[in-house]
Amino acid sequence: MSPWRIVFLKEVRENLRDKRVMFSTFVLGTLMGPVLFAGLIGLMISVTLERGEKPLELPVAGAQHAPNLIAFLKNRGVQIEDAPADAEAAIRKRDKDVILRIPPEYAQQWRDGRAATLELVVDRSQQKAEQTVSRAERLINEYAGQTAALRLIVRGVSPSVVQPVLIADVDQSTPQSRGGLLLAMLPYLLILTVFAGGSYLATDATAGERERQSLEPLLINPVSRGQIMGGKLIATFTFAVASLAISLIAFSLSMPLLPVEKIGMVVKLGPLECALLFLIVAPLGLIGAGLLTSVSAFAKGFREAQTYNTLLIILPAIPSMLMALNPVKPADWMYTVPLLSHQLLIEQTVRGESLVAWQVAASIGATLAIGIVIAMIAARLYHREHLAISA
Amino acid sequence: MLELIDLRKTFGAVKAVDGVSFSARDGEITGLLGPNGAGKTTTLRMLYTLMKPETGHIRVDGVDITENPDAVRRKLGVLPDARGLYKRLTARENIEYFGRLHGLDEATLKLRTDGLIKALGIEDIASRRTEGFSNGQRVKTAIARALVHDPRNVLLDEPTNGLDVMATRTLRKFMLQLRAEGRCVLFSSHIMQEVAALCDRIVVIAQGRVVAEGTADELRAQAGEANLEDAFVKIIGTEEGLAL
């Protein structure tokens, strides 16, 4: 058996026996993404559905001043309630989302044909209330529009005179692409999983060995350091890819359970898409394993390696964050850049867009090539004399 | 057979090893005695190919270490200063791991592992994970691991460091057994009694240099002292860093 395989098998066996590694790699690391994701989406769906379907409850103060308006609102299914005595306090305390106040002079203004003032007591910093407030505003504006149109018709003027421009919304998003919007987080989660999956093993197998004083005896064996490093690197890669696979399986099982179609979205994340995503993301594991091993060989101690490697896990998230803040138009060269190409390909896959073969091949090829270069750097670091010296 | 010729190694401005030459013969126990910080560990590290000497040559059974380091490593069994075990593997698995890296086939591996476990008296802990082992159990496992490929030359860096009396006695007996098998045993120590009791030849090292070399009688004669411990102190020039 070649030496790297002996090292590989030992690292795998030893780490499979470590409950902490197993938990952090295969439970926490892989399942947190899907669970978090399902939870967030589920919450989003239930909030959207609830707000949209529930009749609007509108507390009104001074309803007697505007009986027509109240009748209109009731006609539209609004449940009119009595407003609390101190409207401002009720809003500040978040007891109510919105309160409509009709001042006593409203009726007089209305009769005089002046703009009659209504007050909506709201707190604009309350995201939760946003939808209720805008529903109330929409209904009142509708009432105003109707009345205006009636007044014009009475005077023999067509209402379209005062509406010179009409906007018609021609939405080009498909149900899948709206789902993709929801799934903007997914590339980040998957890339993170493949880096985090190998992190513990990489730190343990190099910096940990040195700290526990077993690296020096290991390196005295008649085996090249490249082989020893190779075995450890491949073990790291294996753990990274395994945690990616588990994560994707969890995604493919949990996504169909979410009623995303109820809010007009289709999320493509079945077995086929997951297999495709695995093929796209797995090569990143090599870059991750190489970087983690290099850092562990470079660091002076276990703690230092752990600190650097934790920071390193955040690194692949940077393109995802930039893309989320400032979406770019995909250009051909981007498919040869690891992380960037992964971001694009993952998004395209879950949006249900068909992938271009050369783009996938370019991403995989470039990622593997860079991964091999980084692995060679790790091997060089392993050859440094003081690597083995524990004390 | 180990031959070390004019070795030098500096770390920054510190001359850790400054022209060390000596040899160790088969069927003998050679002791490398010196106070802490005298350059014993660095000398051994160059000998077992972990560090490159700046000048000088080392030959193991006639093979130069710079020409064929892997061949030299096969001829050496080393208990380094760092002797960490894999705590989630059993003692036996620790030993087998190194045996496989030496390229032993499974039948030979089992034979050697069983033999060493018996010779070192660690049958009762062989199938236990090494986490929680006592110091003595750890050192014995590390020695078994170092000797699994049946090397002609055995290097032990301060093997009895931190051991209790029982474990120390077992270990000394084991070293005598290695000598009886015709192996070349080189061990370093800063404990004078231990060196006096075990060694056929003694190399005294201080401040990176060999200050005396020979049998116990030769050293006593050289120093003009009847007592070997007095002779050591006189040769080295200080008691600092030594232990009885």
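If you're wondering where the values come from, they're calculated on a predicted model, not measured in any experiment. Here the residue index of a chain counts from 1 through its sequence in written order. As a convention, the first chain written is A and the first ligand written is 1, with the rest following in written order. Totals for whole chains, interfaces and linings use every residue, but because this is a predicted model, local features are given only for residues with pLDDT of at least 70 and side-chain atom pairs only at 80 or more, for both listing and counting.

Engineer: What should I look at first to understand the overall build of chain B in this one?
Structural biologist: Tallying secondary structure elements over chain B gives 9 helices and 10 strands in all. For the radius of gyration, the atom set is restricted to C-alpha positions; the globular benchmark scales as 2.2 Å times the number of residues to the power 0.38. Taking 18 Å as the expected radius of gyration for a compact globule of 244 residues, we find that chain B reaches 18 Å, a close match to that expectation. In terms of overall dimensions, chain B has a C-alpha envelope of 50 × 40 × 35 Å along the principal axes. When burial is assessed residue by residue, chain B has 47% of its 244 residues classed as buried. Sequence separation of at least 24 residues holds for 68% of the intrachain contacts in chain B that already meet a minimum separation of 6. Helix and strand assignments come from DSSP, with helices taken as H or I runs of at least 4 residues and strands as E runs of at least 2, each series counted from the N terminus. Whether a residue is buried, exposed or partly exposed is read from the other C-beta atoms within 10 Å of its own C-beta, which are placed from the backbone; 20 or more gives buried, 12 or fewer gives exposed, and intermediate counts give partly exposed. By definition, residues are in contact whenever their C-beta atoms, placed on the basis of the backbone, come within 7 Å of each other.

Engineer: I would appreciate a short explanation of the overall build of chain A in the present structure.
Structural biologist: Of regular secondary structure, chain A possesses 16 helices and 4 strands. Against the compact-globule benchmark of 21 Å for 391 residues, chain A has a radius of gyration of 31 Å, which places it well outside the compact range. Counting only C-alpha atoms, chain A reaches 100 × 45 × 30 Å along its principal axes. For chain A, buried positions account for 36% of its 391 residues.

Engineer: Help me understand unusual backbone geometry, please; the structure alone is not making it clear to me.
Structural biologist: With the exception of glycine, the majority of residues adopt a negative phi angle, and the majority of peptide bonds are in the trans configuration. Residues and elements named next belong to chain B. Backbone geometry places Thr49, a non-glycine residue, at a positive phi of 65 degrees. Inspection of the secondary structure assignment puts Thr49 in the loop between helix H1 (40–47) and strand E4 (55–60). With 21 C-beta atoms counted inside 10 Å, the residue Thr49 sits in the buried group. The backbone phi angle of Gln207 is positive, close to 50 degrees, even though this residue is not glycine. Summarising the element assignment, Gln207 is placed in the loop between strand E9 (201–206) and strand E10 (209–214). Residue classification places Gln207 among the partly exposed positions, given that 16 C-beta atoms sit within 10 Å.

Engineer: Explanation requested: the sheet that holds strand E1 (residues 2–11) of chain B in the structure shown.
Structural biologist: Whenever strands of a sheet pair, they do so through backbone hydrogen bonds, lying parallel or antiparallel. The strand order across the open sheet built from 4 strands is E2-E1-E4-E5 (chain B), with neighbouring strands paired in antiparallel fashion. The strands lining the two open edges of the sheet, one partner per strand, are strand E2 (14–24) and strand E5 (63–64) of chain B. In short, DSSP must find at least two bridges between two strands for them to pair.

Engineer: Any chance you could explain H1 of chain B here in plain terms?
Structural biologist: Structural remark: α-helix, 3.6 residues per turn; residues separated by three or four positions point the same way. Residues and elements named next belong to chain B. Most of H1 is tucked away: 8 of the 8 residues are buried. Of the residues making up H1, those classed as buried are Lys40, Thr41, Thr42, Thr43, Leu44, Arg45, Met46 and Leu47. Of the residues one or two after H1, Thr49 is the one with positive phi, at around 65 degrees.

Engineer: Hey, could you run me through the interface of chain B and chain A in this one?
Structural biologist: Interface extent is often summarised as the accessible area lost during association of the parts. Tallying the contact residues gives 21 residues for chain B and 20 residues for chain A. Going through the elements one at a time, helix H2 (69–75) and helix H3 (91–101) of chain B are the ones with two or more residues in the side of chain B that touches chain A. Top contributing element to the side of chain B that touches chain A by residue count: H3 of chain B, with 4 residues. Amino acids are sorted into nonpolar (Ala, Val, Leu, Ile, Met, Phe, Trp, Tyr, Cys and Pro), charged (Asp, Glu, Lys and Arg) and polar (every other residue, Gly among them). Tallied by class, the residues present in the side of chain B that touches chain A amount to 12 nonpolar, 2 polar and 7 charged.

Engineer: Even after reading the chapter, I still don't get the pairing of strand E1 (residues 57–61) of chain A, so can you show me in this structure?
Structural biologist: Looking along a regular strand, one sees side chains alternate from face to face of the sheet. All names here are of chain A. Pairing geometry for E1 and strand E2 (residues 79–82), over 4 bridges, is parallel. From the neighbouring strand, Leu58 faces E2, where its bridge partner is Ile80. The pairing of E1 with strand E3 (residues 99–101) spans 2 bridges and is classified as parallel. Following the sheet pairing, Ala61 is matched in E3 by Arg101.

Engineer: What exactly am I supposed to notice about the pairing of strand E8 (residues 184–189) of chain B here?
Structural biologist: Residue and element names in this part refer to chain B. For E8, the buried fraction is high: 6 of the 6 residues fall into the buried class. The alternating pattern of E8 places Cys184, Leu186 and Ser188 and Val185, Phe187 and Ser189 on opposite faces, both of which are buried. Bridge analysis of strand E3 (residues 29–33) against E8 gives 5 bridges, and the strand direction is parallel. From the neighbouring strand, Leu33 faces E8, where its bridge partner is Ser189. In the classification by handedness, the crossover that spans strand E7 (residues 153–157), the intervening helix H6 (residues 165–180) and the parallel E8 is right-handed. Crossover handedness is defined here as right-handed if the route from the first strand over the helix to the second strand goes clockwise, with the strands pointing away from the viewer.

Engineer: Where do I start with the sheet that holds strand E4 (residues 119–121) of chain A in this structure?
Structural biologist: Residues and elements named next belong to chain A. Read across the sheet, 4 strands follow the order E2-E1-E3-E4 without closing on themselves; strand pairing throughout is mixed. One side of each edge strand has no neighbouring strand; the edge strands of this open sheet are E2 and E4. If you compare each strand with its neighbour and ignore which way they point, the axes differ by 35 degrees on average. Sheet analysis places E3 next to E4, joined by 3 bridges and oriented antiparallel. Along E4, the bridge assignment pairs Arg101 with Glu119. Axis angles are defined between N-to-C directions and span 0 to 180 degrees, where every axis is a line fitted to C-alpha atoms and, for a helix, only to the segment in contact.

Engineer: Would you mind going over the environment of Leu189 of chain A with me for this structure?
Structural biologist: All names here are of chain A. In this fold, Leu189 is placed in helix H8 (residues 186–211). Among the residues examined, Leu189 registers 19 C-beta atoms within 10 Å and is labelled partly exposed. If sequence neighbours within four positions are ignored, Leu189 has contacts with Gly33 and Phe37.

Engineer: What exactly am I supposed to notice about the packing of H3 of chain B against helix H5 (residues 135–147) of chain B here?
Structural biologist: A pair of packed helices is characterised by two quantities: the angle between their axes and the separation of those axes. Residues and elements named next belong to chain B. H5 packs onto H3 with a crossing angle of 25 degrees between their chain directions and a minimal axis gap of 8 Å. By the criterion of interaxial angle, the relationship of H3 to H5 is roughly parallel. The two elements H3 and H5 meet at a crossing, and its hand is right-handed. Residue-level contacts link Ala91, Asn94, Ile95 and Phe98 of H3 to Thr141, Ala144 and Arg145 of H5. Residues that form the contact of H3 with H5 fall into these classes: 4 nonpolar, 2 polar and 1 charged. Roughly parallel means an angle under 35 degrees; roughly antiparallel means over 145; roughly perpendicular covers 65 to 115; every other angle is labelled oblique. In this scheme, a crossing is called left-handed if the near helix is turned counterclockwise away from the far one by less than a right angle; it is called right-handed if the turn is clockwise.

Engineer: How should the packing of helix H12 (residues 284–298) of chain A against helix H16 (residues 357–382) of chain A be read in this particular structure?
Structural biologist: Residue and element names in this part refer to chain A. For the pair H12 and H16, interaxial distance at closest approach is 8 Å and the crossing angle is 20 degrees. The angle between the axes of H12 and H16 places the two elements in the roughly parallel class. Seen from above, H12 lies across H16 with left-handed handedness. Contact residues: Leu284, Leu286, Ile287, Gly290, Leu291, Thr293, Ser294, Ala297 and Phe298 in H12; Thr367, Leu368, Ile370, Gly371, Ile374, Ala375, Ile377, Ala378, Leu381 and Tyr382 in H16. Partitioning the contact of H12 with H16 into residue classes produces 14 nonpolar, 5 polar and no charged.

Engineer: Whenever I open this one, helix H6 (residues 130–154) of chain A confuses me. Can you help?
Structural biologist: Between the first and last residue of a helix there are one fewer steps than residues, each counted as 1.5 Å, and that sum is the expected span. Counted at 1.5 Å a residue, the expected span for H6 of chain A with its 25 residues is 36 Å, and the 36 Å between its end C-alpha atoms agrees. Looking one or two residues beyond H6 of chain A, the residue adopting positive phi is Gly156 of chain A, at roughly 75 degrees.

Engineer: What am I meant to see in the confidence of the model for chain B here?
Structural biologist: Caution applies to low-pLDDT parts of the model: their predicted coordinates are not meant to be read in detail. Within chain B, residue pLDDT values average 92, and 100% of them lie at 70 or more. Mean pLDDT values over the elements of chain B span from 87, in helix H9 (residues 228–236) of chain B, up to 97, in H3 of chain B. For every residue, the predictor states its confidence as a pLDDT score lying anywhere from 0 to 100.

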